[in-house]
Amino acid sequence: MSFAGFLRCPLCGGSLDREGNSLLCSGHSGKRHCYDIASAGYVNLLPPGKKNNAHTGDDAGMIAARTAFLSGGYYDCISDAAADLCAAHLQGGEDAVRFCDAGSGEGYHTCRIARRIAAKSGRAVEGCGVDASKKGAASGAKLARSVEANISVSFVAGNIFSLPVADHSLDAVFSLFAPIPAAEVSRVLKDDGVLIVVASAPRHLWEMRCLIYDDPREGNAEAATPEGFILSEKKEVRTKVHIPDQDTLDALFTMTPFYYRTPVAGRERLGHAGTLDVSVEADLYAFRKRKD
């Protein structure tokens, strides 16, 4: 497996080169820092020495639930729309499209986005998923093994608020249902790069909300423009999907924020629902760096 050429050492910022089963930095700080490639195919670029690194990000159960649900294609319309929005805002050129998915989770959307951008742009694609969860990075690395020859997708365990990515190296950064590290995005994006943000629309999964809560409420109406950016375009995804069985419904519930704040009665209702038709609604934003 190759790793994205725009990755950088999280300690000194030096470029990373593969040597055997490790990535070694250029050593311009006087020391070559070494990062071993895990057997699962990802590399851990989380800042070392943090006692909680082993327990950072989504756990194995959450990653399994996300993988089980997303592999059914229920959210494919979202990653397709995100990739299309990105492709529409790419600047011309023949070089490979370089992007980072900041908060890539299990990596499902990351790999689909890479494929779709390649198909839409006719260019090679070099992508990287960054997530605090080592389980998520391992899942993404497994999915990346099946990408086409003109596509390279690597996965690292890392901190999205201190991205292990070179300055001004990316054509695009994606943030799908994740916090937006605006300062870091501004640093790693090229001047003509694009930030693609996907956020839940106010009535996303509304039918599930009505089932688990006695007084369901709509979500936020609009995503805030990140500091240092301007809105270039907004798109909407509005559709309904049929959840065919309890296992799939449970997987969807587990990967949502509702999992942590649903009362017992709501969990019981959901646990006996069997099937459910739910609204899949997302708002997508393309942001450009502000030029002052």
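The structure we're discussing is the one just above.
Here goes a summary of the coordinates provided. Note that this is a predicted model, so its numbers are computed, not measured. (Residues numbered from 1 in each chain as written. Predicted model: local features only at pLDDT ≥ 70, side-chain atom pairs only at ≥ 80, totals over all residues. Heavy atoms only, no water.)

## Re the packing of helix α7 (residues 246-254) against helix α8 (residues 264-271)
Then comes step 1: Between α7 and α8, whose axes approach to 10 Å, the crossing angle comes to 145°. Where α7 approaches α8, its residues Q246, L249 and F253 are matched on the opposing element by R267, L270 and G271.
Then comes step 2: The residue makeup of the contact of α7 with α8, split by class, is three nonpolar, two polar and one charged. (Axes fitted to C-alpha atoms, helices over the stretch in contact; angles between N-to-C directions. Helix = DSSP H or I, 4+ residues; strand = E, 2+ residues; numbered from the N terminus. Contact = heavy atoms within 4.5 Å. Nonpolar A, V, L, I, M, F, W, Y, C, P; charged D, E, K, R; others polar.)

## Some thoughts on the packing of helix α1 (residues 60-70) against α7
Then comes step 1: Running from N to C, α1 and α7 cross one another at 125°; their axes reach a closest spacing of 8 Å. The angle between α1 and α7 places the two elements in the oblique class. The way α1 lies across α7 gives a crossing that is left-handed. Note on element contacts: α7 touches α1 through T248, A251, L252 and T254, opposite M62, A65, A68 and F69. (Parallel < 35°, antiparallel > 145°, perpendicular 65-115°, else oblique. Left-handed = near helix turned anticlockwise from the far one by under 90°.)

## Re the packing of aromatic side chains
Then comes step 1: Enumeration over the complete set of coordinates arrives at seven aromatic pairs.
Then comes step 2: For the pair F69 and Y75, a centre-to-centre distance of 5.2 Å together with 85° between the ring planes defines the contact as edge-to-face.
Then comes step 3: Looking at F69, the relative accessible area reads 0%, which means it is buried.
Then comes step 4: Relative to F258, the ring of Y213 has its centre 6.0 Å away and its plane inclined at 90°; by these criteria the two rings are edge-to-face. In this pair, Y213 is assigned in the loop between α6 (206-212) and β10 (229-243) and F258 in the loop between α7 and α8, connecting sequence segments 45 residues apart.
Then comes step 5: Residue F258 is classed as buried on the basis of its relative accessible area, which comes to 8%.
Then comes step 6: Through a chain of ring-to-ring contacts, the aromatic side chains of F69, Y74 and Y75 assemble into a single cluster.
Then comes step 7: Over the ring of W206 we find R203; its NZ or CZ atom is 4.2 Å from the centre of that ring.
Then comes step 8: Residue placement shows R267 over the ring face of Y259; its charged tip is 4.9 Å from the ring centre. (Phe/Tyr/Trp six-rings, centres within 6.5 Å; stacked < 30°, edge-to-face > 60°. Buried < 20%, exposed > 50% of the residue type's maximum accessible area, 1.4 Å probe, protein only. Lys NZ or Arg CZ within 6 Å of the ring centre and 35° of its normal.)

## Brief notes about the sheet that holds strand β2 (residues 22-25)
Then comes step 1: Taken in spatial order, the three strands make up an open sheet running β1-β2-β3, and their pairing is antiparallel. Edge strands, defined here as strands with exactly one partner in the open sheet, are β1 (16-19) and β3 (34-36). Taken over all neighbouring pairs, the strand axes of this sheet differ in orientation by 25° on average, direction set aside.
Then comes step 2: Note: β2 against β3, three bridges, orientation antiparallel. Paired with L24 across the two strands is C34, which belongs to β3. (Pairing = 2+ DSSP bridges.)

## Examining the side chain of T248
Then comes step 1: With respect to the helices and strands, the residue T248 is situated in helix α7.
Then comes step 2: Sequence-distant contacts of T248, that is, excluding residues within four places in its chain, are made with F69, Y74 and I243.

## Quick look at the nonpolar core
Then comes step 1: F69, Y75, I117, F174, M208 and L252 are the most contacted members of the largest nonpolar core, which has 57 residues in total.
Then comes step 2: Excluding residues that lie within four positions of it along the chain, Y75 makes contacts with F69, L70, H109, H204, L205, L252, M255 and V280.
Then comes step 3: One finds F6, C25, V156 and L189 within the second-largest nonpolar core, a separate group that totals 32 residues. (Core = buried A, V, L, I, M, F, W, Y, C linked by side-chain atoms within 4.5 Å.)

## What to know about the pattern of salt bridges
Then comes step 1: Applying the stated criterion to the full structure yields 21 salt bridges.
Then comes step 2: Between D191 and K289 there is a salt bridge, and its shortest N-O distance comes to 3.5 Å. With D191 in strand β9 (residues 189-200) and K289 in strand β11 (residues 276-289), this pair connects stretches of sequence that are 98 residues apart.
Then comes step 3: A salt bridge links R269 to D214; the nearest nitrogen and oxygen atoms lie 3.4 Å apart. In this pair, R269 sits in helix α8 while D214 sits in the loop between α6 and β10, placing the two residues 55 residues apart along the sequence.
Then comes step 4: Given the relative accessible area of 32%, R269 is considered partly exposed.
Then comes step 5: Salt bridges sharing common partners tie together D76, D80, D84, R112 and R116. (Salt bridge = Lys/Arg side-chain N within 4 Å of Asp/Glu carboxyl O.)

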